[in-house]
Amino acid sequence: MMQDPMVRFQNVTKRHGSHIVVDGLNLDVARNEKVAIIGASGSGKTSLLRMLMALDPVDSGEIFIEGEPLTHMERQGKRLPPDMAHIRRMRGKVGMVFQSFNLFPHLTAMGNCIEAPMRVLGLTRAAAIERATELLEMVGLASRKDYYPSQLSGGQQQRVAIARALAMRPKVMLFDEVTSALDPETVGEVLTVIRRLGEEHDLTMMVVTHQMGFAREFADRVCFLHQGRICEEAPARDFFHNPQNERTRAFLRAVLEAG
Amino acid sequence: MIWDWAFAIEILPRLGQAAIVTVQATVMGFALAATLGLGLTLARIAWPRTALPISVGVELVRSTPLLIQIFVLYFVGPEIGLVLDALTAGTLAIGVHYAAYCSEVYRAGFEAVPRSQWEAAEALNLNRGTALMRIILPQAIPPVIPALGNYLVALFKETPLLSAIAVLELMQTAKIIGSESFRYTEPITLVGLFFLGMSLISAALIRLVEARITQGVRR
Ligand SMILES: Nc1ncnc2c1ncn2[C@@H]1O[C@H](COP(=O)(O)OP(=O)(O)OP(=O)(O)O)[C@@H](O)[C@H]1O
Ligand SMILES: [Mg+2]
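Where an unreviewed UniProt entry is consulted, chain B appears under the name Amino acid ABC transporter membrane protein 2 (PAAT family), with the organism given as Cereibacter ovatus.

Per an unreviewed UniProt entry, chain A goes by Amino acid ABC transporter ATP-binding protein (PAAT family) and derives from Cereibacter ovatus. Per its UniProt entry, chain A bears the Subcellular location (unreviewed entry) comment "Cell membrane". The heading Sequence similarities (unreviewed entry) in the UniProt record of chain A holds the text "Belongs to the ABC transporter superfamily."

What follows is the structure, encoded as structure tokens:
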């Protein structure tokens, strides 16, 4: 087990009805580590991220962020189910970017980026705008700050979504197939932003992706998920050069054939 | 002679007075309907425990005639210490009745906002109340404004029911003029024309608003 991980999944299980979606999964992610999570459709990748974002509860097992439990709390030596205040405090450490952007359509790019900092972090409007301006600049959209989502391309919307999540100053960023809904010509601009984030910021990043090329050059480590378990994990180079598991090899063959 | 112009012009000022009462009942009644309806829908979302009692209340109000509700409020109210003048009681009854319909309209609006909007708000750590008021509400309302407008017109056309408790609105005034002069043609026709004109104008306004909203969505 890793010393002092940023994120720890410990024997985590998630069911939908009788269907086991995540099955006793263990995973440690180090501070500032970039982990790529790959696997076939339905293997549990989104479920994993949603539990860490506290959008879905675990059915059993524990999740820790910076050594603190998300899935329960300790009060006077007693273990209690997490209350809302606990969940919200822990959730503040994590940010998530969705496949379908999920920007707020009635707010401009700037509005999207300042709403939560003002309402949750208690920033003044001026401070929130200052921070959001920096972030929109970083994702290359300073000139589009007053545009509504419907006036932006998919790639631009996704970059606003990244800025919006960063505005909450998370320590861990989750990316769930953030380029899957994009036109091919805009995929690059989003991946470039994610790459720069990784290089220039102290961020732990977990990236679910179907883009093996990106996983290989971006990630420190690649985890292959199969039926809710991590079937194989290795440093990115080893993983693609020399996959050990027969399932991993089959998956990589299938993905490479597909494109 | 079927239509007496002189008589029609003579009764116009009285009908004008009554029209003010009709418009007053419409505006106040609809203001109540729109806000109470929204309040009910917000309560239902913010506190799921209130959903069942609210549904029952809404169903009850929608399943009984407005006229009976007006009577209950005006004639039975005093028995339990609720003494209201006719206009207030009538406006209140109309407002509550249409609040039930409006709350269903609002509900449809809220349900049409994708779940992913709630989740995006949650992932940004917005609490449920803030998410509801700042993220979901502004997306839920514009699409239902035309439907609300239709209820405004429907409510307006039901205000003659207030004549049943002798509110001096248009219909009641027309009836009084008729019984005094034994001429019903002019007052009733004029009242009908007034409703027709106002309804046509409102319908046009609603279409205008609707067009602006669709434009806004495409923005
Ligand atoms: N809310 C839900 N109710 C029922 N089943 C669900 C629900 N959410 C996910 N599942 C199921 O859980 C399994 C894992 O889903 P998950 O979304 O985590 O997979 P994934 O690896 O992200 O797949 P994809 O690559 O298609 O996004 C799937 O079989 C899915 O059908
Ligand atoms: Mg998924």
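There's plenty left to go through after this.
Caption draft 1: Spatial organisation of the UniProt feature "transmembrane region" (unreviewed entry) in chain B. Residue and element names in this part refer to chain B. As annotated in UniProt, the feature "transmembrane region" (unreviewed entry) corresponds to residues 20-42 and 188-209 in the numbering used here. In residues 20-42, helix accounts for 100% and strand for 0%; the two terminal C-alpha atoms are 33 Å from one another. Helix and strand shares over residues 188-209 are 100% and 0% respectively, and the end C-alpha atoms of the span are 32 Å apart.

Caption draft 2: Structural context of the UniProt feature "domain: ABC transporter" (unreviewed entry) in chain A. With numbering matched to this structure, UniProt assigns "domain: ABC transporter" (unreviewed entry) to residues 7-252 of chain A. Secondary structure within residues 7-252 of chain A divides into 37% helix and 28% strand; the distance between the first and last C-alpha atoms comes to 27 Å.

Caption draft 3: Quick look at the packing of helix α1 (residues 5-46) of chain B against helix α7 (residues 145-158) of chain B. All names here are of chain B. Look at α1 against α7: their axes get within 9 Å of each other, and the N-to-C directions meet at 140°. Judged on the interaxial angle alone, α7 and α1 are oblique. The interaxial crossing formed by α1 with α7 has right-handed handedness. Between α1 and α7, the contacting residues are Thr22, Thr26, Gly29 and Phe30 on the first element and Leu148, Tyr151, Leu152, Leu155 and Phe156 on the second.

Caption draft 4: Local environment of the packing of aromatic side chains. Under the definition given, this model contains 12 aromatic pairs over all chains. Ring geometry for Phe224(A) versus Phe251(A): centroids 5.0 Å apart, planes at 40°, classification tilted. Residue Phe224(A) is located in strand β11 (residues 221-226), and its partner Phe251(A) is located in helix α9 (residues 246-258); the two are separated by 27 residues in the primary sequence. Like Phe224(A), the residue Phe251(A) is buried in the burial classification. With 5.3 Å between their ring centres and 75° between their planes, Phe71(B) and Phe75(B) make a pair best called edge-to-face. One end of the pair is Phe71(B) and the other is Phe75(B), both in helix α3 (residues 66-76) and 4 residues apart, which spans about a single turn. Of the residues examined, Phe75(B) reaches a relative accessible area of 45% and is grouped as partly exposed. The aromatic ring of Phe104(A) is capped on one face by Arg164(A), whose charged end is 4.5 Å from the ring centroid.

About the criteria used
- Numbers given to residues run from 1 along each chain, matching the order in which its sequence is written.
- Chain A is the first chain written and ligand 1 is the first ligand written, with later ones labelled in order.
- Whole-chain, interface and lining totals are the exception, using all residues; otherwise, since this is a predicted model, local features are given only for residues with pLDDT of at least 70 and side-chain atom pairs are given and counted only at 80 or more.
- Calculation of side-chain values draws on the structure's entire complement of heavy atoms; hydrogens and water are dropped beforehand.
- UniProt positions are given in the numbering used here, feature names are shortened, and annotations may be inferred rather than shown by experiment.
- The helix count covers DSSP runs of H or I at least four residues long, the strand count covers runs of E at least two residues long, and both are numbered beginning at the N terminus.
- Think of each axis as a best-fit line through the C-alpha atoms, taken over the contacting stretch in the case of a helix, with angles from 0 to 180 degrees between the N-to-C directions.
- Orientation labels follow simple angle bins: below 35 degrees gives roughly parallel, above 145 gives roughly antiparallel, 65 to 115 gives roughly perpendicular, and whatever is left gives oblique.
- It is the rotation of the near helix from the far one that decides the hand of a crossing: anticlockwise by less than a right angle makes it left-handed, clockwise makes it right-handed.
- Any two residues whose heavy atoms approach within 4.5 Å are treated as being in contact.
- Note on aromatic pairs: the rings of Phe, Tyr and Trp (six-membered ring only in Trp) are paired at centre separations within 6.5 Å, and the planes decide the class, stacked below 30 degrees, edge-to-face beyond 60, tilted for the rest.
- The buried label goes to any residue with under 20% of its type's maximum accessible area, the exposed label to any with over 50%, and the partly exposed label to all in between, with areas taken from a 1.4 Å probe on protein chains only.
- Lysine and arginine charges are scored as sitting over a ring when NZ or CZ, respectively, is within 6 Å of the ring centre and within 35 degrees of the ring normal.

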